Amino acid sequence: MASSATATERRGIPGAQFVEDVETYLTQSGLDVNSALSFLQERLQQYRVVEMKLLAQQRDLQAKIPDIEKCLDVVATLQSKKGTGEALIADFEIAEGIYSRASIDESDLVCLWLGANVMLEYSCEEATALLQKNLENAKASLEVLIADLQFLRDQVTITQVTVARVYNWDVHQRRLRQSTAAVKET
């Protein structure tokens, strides 16, 4: 048999096939050595592109999670000040490096920036529930993304090993042909 494991797929990432017997692999796939090597190199490039996309998504999520946690802290602070009669003094960023001080009076409402130039007003309870749900979703997405990256790295390793095995098999076959030709000449 040409492979010990069946190639699987995870969330659109094609699985790599581990090749035990290169000759059988080449026969079954109908490829010569150069075609097989170029196919495997192309697959490695595809994996690299997918890896770059996944790493960008991971960076975005890792930046998003602390922002959500900060928002949850702010809403919790507002809720804790409710009923005390004292205003909350806060420094907020107007532009990069420029801050202003604000006095926030007691309020049951907060505005959340949802993105795409959309801001909505929520009660503190609704905002906490929404932010908590968003935090859980972001953490779950990050876990799935990390698993996808690990799967992808495994596929890259398997493909690199297969490239090495096909190349080494080809070198070995050439040496056999050269030594056979040398024996026939003598």
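Everything discussed here concerns the structure shown above.
So, here is what we can say about the structure in this document. (Residues numbered from 1 in each chain as written. Predicted model: local features only at pLDDT ≥ 70, side-chain atom pairs only at ≥ 80, totals over all residues. Heavy atoms only, no water.)

**Quick notes on the overall build of the chain**
Looking only at helices and strands, one finds three helices and six strands in the chain. The N-to-C order of helical and strand elements in the chain reads β-β-α-α-β-β-β-β-α. Taken over C-alpha atoms, the radius of gyration comes to 29 Å for the chain, far larger than the 16 Å a tight globule of 186 residues would show. Seen along its three principal axes, the alpha-carbon backbone of the chain occupies a region of about 105 × 35 × 25 Å. (Helix = DSSP H or I, 4+ residues; strand = E, 2+ residues; numbered from the N terminus. Rg over C-alpha atoms; globule rule 2.2 N^0.38 Å.)

**What about the environment of Val-166?**
If you trace the backbone, Val-166 turns up in helix α3 (residues 124-185). Sequence separation between Val-166 and Ala-181 is 15 residues; the distance between their C-alpha atoms is 22 Å. Other than its neighbours up to four places away in sequence, Val-166 contacts Val-22, Val-33, Leu-37 and Leu-40. (Contact = heavy atoms within 4.5 Å.)

**Observations regarding the pattern of salt bridges**
Scanning the entire structure with this criterion turns up ten salt bridges. Here Glu-51 makes a salt bridge to Arg-48, at a shortest N to O gap of 3.6 Å. Linking Glu-51 with Arg-48, this pair stays in helix α2 (residues 33-81), spanning three residues, or about one helical turn. With a relative accessible area of 15%, Glu-51 lands in the buried category. For Lys-82, the salt bridge goes to Asp-108, with nearest N and O atoms at 3.3 Å. In this pair, Lys-82 is assigned in the loop between α2 and β3 (88-95) and Asp-108 in the loop between β4 (98-104) and β5 (109-115), connecting sequence segments 26 residues apart. Residue Lys-82 is classed as partly exposed on the basis of its relative accessible area, which comes to 28%. (Salt bridge = Lys/Arg side-chain N within 4 Å of Asp/Glu carboxyl O. Buried < 20%, exposed > 50% of the residue type's maximum accessible area, 1.4 Å probe, protein only.)

**What to know about the state of the cysteines**
Counted by the stated rule, this structure contains zero disulfides. Of all cysteine sulfurs in the structure, the one in Cys-111 sits closest to Cys-71, which takes part in no disulfide; the separation is 12 Å. Residue Cys-71 is classed as partly exposed on the basis of its relative accessible area, which comes to 34%. Take Cys-124: it sits in no disulfide, and the sulfur closest to it among the cysteines is that of Cys-111, at 11 Å. (Disulfide = S-S within 2.5 Å.)

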